[in-house]
Amino acid sequence: MRFRGLDLNLLATFAALMEERSVSRAATRLNLSQPAVSAALARLRSYFGDELLVLEGRRMFPTALAETLLEPVVAVLRSIDGIVDSSATFDPASARRTFRIAASDYVMMVLIRPLAEQLGGEAPGLRLSLELPSERAALRLDEGKIDLMVIPEEFASQRHPLDLAFEDSHVVVGARDHPALAGPISREDFCALEHVAVMVGTDVPAAFADRQLEQLGVSRRVGVTVPSFAAVPWMLAGTERIGLMHARLATLMAASLPITTSPIPFDFPLMREVLQYHRARGGDPGLAWLRGQLLAVARREVG
């Protein structure tokens with residue numbers, strides 16, 4: 001198909017070349033031969049009257065015009081994907097597809113784990129590819145490379161739609177024999193005791209709990225930082241450290257680990273977890289099915 005003399009198939013080649021910066025890697029990604037991709041690049045150069053990508057050593061570098069073209073080209077391709085997805089049908093029993101989801105280990109345990117258990121019987125050809133939330137994951141959602149992010153509402157983008165999945169409270173956790181947790185913990189003990197805190201990766205904002213504490217003007221002594229919510233209980237046994245955990249995750253882990261919980265000794269807001277997806281994917285029947293399944297699991301398991 002041509003538009004104003006441009007073969008629109010060349011746009012996908014251009015986007016692949018801009019991301020891969022290599023004719024051979026772009027050819028592999030597009031399932032084309034290297035000569036075919038080289039010929040497509042030559043046609044693009046002729047149409048735009050610009051080199052677009054210049055080979056230096058073993059890597060290709062974009063020209064200023066190529067950098068300018070990238071965003072609108074990606075937007076066009078994403079819109080086309082949305083049109084194609086909207087016209088497609090989706091049968092989970094026969095579909096073969098991988099859904100890419102960014103979610104914390106907490107969400108993986110309380111929400112996605114129950115979904116994964118039922119997929120084998122209901123949708124054997126579906127696969128879940130999971131990664132942790134990050135600034136890079138948010139960019140990948142913008143680029144259409146992630147299907148769904150499950151994140152606290154306050155971290156959601158204003159550019160894309162979302163569904164409220166569930167709400168959860170937070171509790172104080174510590175070793176089962178912790179003297180300060182024999183009854184409700186006091187605010188003084190909460191601030192005086194050493195804490196285990198969570199920092200997932202290096203390019204993400206502070207966890208929901210830390211941001212709320214900051215807004216409330218409550219400081220805590222952080223002695224240990226761990227990269228996942230599920231790691232917190234393992235740092236508590238045999239110590240007088242405490243931590244903050246999502247109530248549902250704490251209940252789940254207390255069934256197999258020697259930890260106990262106590263209410264936070266001051267008002268603390270509920271956390272609202274949302275499903276966020278690209279605005280161009282609202283008509284994707286497969287993604288709509290996945291969102292519906294996750295919301296059903298949330299109502300059944302954590303709602």
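Note that the coordinates shown come from a computational prediction; the quantities given were computed from them, not determined experimentally.

S.K.: So what's going on with the packing of helix α5 (residues 105–122) against helix α9 (residues 247–254)? Residues and values would help.
M.R.: Across the interface, α5 lies against α9 with an axial gap of 10 Å and an inter-helix angle of 85°. The pairing of α5 with α9 is recorded here as roughly perpendicular in orientation. Counting all contacts with α5, which are made through Tyr106, Met109, Val110 and Arg113, the residues of α9 involved are Arg248, Leu249, Leu252 and Met253. Class assignment for the residues of the contact of α5 with α9 results in six nonpolar, no polar and two charged.

S.K.: So what about the pattern of salt bridges? Which residues, and what values?
M.R.: Scanning all chains against the criterion turns up 22 salt bridges. Note that Glu167 is salt-bridged to Arg272, the shortest N-O span being 3.0 Å. Of the two residues, Glu167 sits in strand β8 (residues 162–168) while Arg272 sits in strand β14 (residues 271–276), which places them 105 residues apart along the sequence. You can call Glu167 partly exposed: its relative accessible area is 33%. Residue classification places Arg272 among the partly exposed positions, given a relative accessible area of 31%. Salt bridges linked by common partners bring Glu19, Glu20, Arg25, Arg29, Arg136, Glu143 and Lys145 together as one network.

S.K.: Quick one: what's the story with the pairing of strand β4 (residues 59–62), residue by residue and with numbers?
M.R.: On β4, burial follows the alternation: Met60 and Pro62 on one face are buried, whereas Arg59 and Phe61 on the facing-out side are not. Pairing between strand β3 (residues 53–56) and β4: four bridges, direction antiparallel. Across the sheet, residue Leu53 finds its bridge partner in β4, namely Pro62. Hairpin connection from β3 to β4: two residues lie between these consecutive antiparallel strands, with Gly57 at a positive phi of about 70°.

S.K.: Would you mind going over the nonpolar core in detail, with residue names and values included?
M.R.: Within the largest apolar cluster, 62 residues are counted, with the highest numbers of intra-cluster contacts made by Leu111, Phe190 and Leu290. With residues up to four places along the chain from it excluded, the contact list for Leu290 reads Phe99, Ile101, Leu115 and Leu148. Counting residues in each nonpolar core, the second largest holds 21 residues, with Ala15, Ala27, Met60 and Leu69 among its members.

S.K.: Describe in detail the layout of surface pockets, supporting the description with residues and values.
M.R.: Considered as a void within the structure, the largest pocket measures approximately 810 Å³ in volume. Residue lining of the largest pocket: 27 residues in total, with Val74, Arg78, Glu143, Gly144 and Lys145 positioned closest to the centre. Within the residue set of the lining of the largest pocket, elements represented by two or more residues are α1 (9–20), α2 (23–30), α4 (64–87), β5 (97–103) and α6 (135–142). Of the residues assigned to the lining of the largest pocket, the class counts are 10 nonpolar, one polar and 16 charged.

Reading the values: the criteria
Residues numbered from 1 in each chain as written. Predicted model: local features only at pLDDT ≥ 70, side-chain atom pairs only at ≥ 80, totals over all residues. Heavy atoms only, no water. Axes fitted to C-alpha atoms, helices over the stretch in contact; angles between N-to-C directions. Helix = DSSP H or I, 4+ residues; strand = E, 2+ residues; numbered from the N terminus. Parallel < 35°, antiparallel > 145°, perpendicular 65-115°, else oblique. Contact = heavy atoms within 4.5 Å. Nonpolar A, V, L, I, M, F, W, Y, C, P; charged D, E, K, R; others polar. Salt bridge = Lys/Arg side-chain N within 4 Å of Asp/Glu carboxyl O. Buried < 20%, exposed > 50% of the residue type's maximum accessible area, 1.4 Å probe, protein only. Pairing = 2+ DSSP bridges. Core = buried A, V, L, I, M, F, W, Y, C linked by side-chain atoms within 4.5 Å. 1 Å grid on protein atoms, 1.4 Å probe; cavity = no way out; pocket = protein on both sides within 12 Å on 5 of 7 lines; lining within 4 Å. Points joined across faces, edges and corners; volume = space filled by probe spheres on them.

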